Amino acid sequence: MNYVTIAAAIAASVLASPAMAQQNGDFSGVKATAIAGYDNIDLDIAGVDNVDGLLYGAALGYDIQSGNMVYGVELEATESTGNISNPAGRIDVGRDLYAGGRLGYVLGDSTMLYAKAGYTNARSSSPGLGGANGDGVRVGAGLEFKLSEKVFARGEYRYSNYEDGISRNQGLVGLGVKF
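From a predicted model like this one, the values you see are computed outputs, not experimental measurements.

Examining the packing of aromatic side chains
Move 1: For the coordinates displayed, the defined rule picks out zero aromatic pairs.
Move 2: If you follow K146 out to its NZ or CZ, it ends over the ring of F27, 5.6 Å from the centre.

Structure (structure tokens):
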């Protein structure tokens, strides 16, 4: 009788293991994310206020999970509605491109805490004077929540530092799909 009980317990644990693994959620895979949030740009120009705007765009990434650790890469393209006008003219803050990596730690059943770092390139322009690109570095941190096996939500803060002392603080939310 004891052998039957032990065999039944082993069989139940083997059959339950895939369900338990799926419940914890695997963060591995290709991901596409729509993002939107607050954008604050410090142009480092005396007498010119910081530029505030709405950030919107998309990210594409790939994550690999090993135990509770998640390793990933991301590409991102965003646009900003930020612009400022003063007696010297108008400055529009435009697109921002990003390529970088992220390192995450799975917390609980469906939450991942992550940090990210990478290269960023932003564009600003002034009507009649043309535009300029600025290369920089971005660091950030966030939480990603699995809403289902294929859908997730994300909240993130990031800081970017560009050439000529220009910097950017952004807070965003995202909704994505895992393929």
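Re the side chain of S160
Move 1: Tracing the sequence through the fold places S160 in strand β8 (residues 151-162).
Move 2: If we skip the residues at most four places from it in the chain, S160 touches T120, V137, R138, I166, S167 and R168.

Description of the nonpolar core
Move 1: If you look at the biggest cluster of nonpolar residues, it comprises seven residues: I41, L43, V48, V51, I84, I91 and V93.
Move 2: Apart from the residues within four sequence positions on either side, I84 is in contact with V48, D49, N50, V51, G89, R90 and I91.
Move 3: In this structure, F27, V106, M112 and Y114 belong to the second largest nonpolar core, which totals five residues.

Quick notes on a negative patch on the surface
Move 1: Taken together, D44, D135, E163 and D164 make up a surface patch of like negative charges.
Move 2: The residue D135 is located in strand β7 (residues 130-146) in this model.

Here's the deal with the pairing of β7
Move 1: As defined by bridge partners, strand β6 (residues 111-126) adjoins β7 across 16 bridges and the pair is classed as antiparallel. Along β7, the bridge assignment pairs M112 with E144.
Move 2: Counted between consecutive antiparallel strands, the loop separating β6 from β7 contains three residues, among which G128 sits at a positive phi close to 90 degrees.
Move 3: Two strands pair when backbone bridges link them, and β7 and β8 are joined in this way by 11 bridges, in the antiparallel orientation. Across the sheet, the residue bridging to A141 is Y157, located in β8.
Move 4: Hairpin connection, β7 to β8: the antiparallel pair is bridged by four residues.

Thresholds applied
- Residues numbered from 1 in each chain as written.
- Predicted model: local features only at pLDDT ≥ 70, side-chain atom pairs only at ≥ 80, totals over all residues.
- Heavy atoms only, no water.
- Phe/Tyr/Trp six-rings, centres within 6.5 Å; stacked < 30°, edge-to-face > 60°.
- Lys NZ or Arg CZ within 6 Å of the ring centre and 35° of its normal.
- Helix = DSSP H or I, 4+ residues; strand = E, 2+ residues; numbered from the N terminus.
- Contact = heavy atoms within 4.5 Å.
- Core = buried A, V, L, I, M, F, W, Y, C linked by side-chain atoms within 4.5 Å.
- Buried < 20%, exposed > 50% of the residue type's maximum accessible area, 1.4 Å probe, protein only.
- Patch = residues over 30% accessible without salt bridge, like charges linked within 9 Å, V, L, I, M, F, W, Y side chains within 5 Å.
- Areas by Shrake-Rupley, 256 points an atom, 1.4 Å probe, with all protein chains shown as cover.
- Salt bridge = Lys/Arg side-chain N within 4 Å of Asp/Glu carboxyl O.
- Lys, Arg positive; Asp, Glu negative; His and termini not counted.
- Charge placed at Lys NZ, Arg CZ, Asp CG, Glu CD.
- Pairing = 2+ DSSP bridges.

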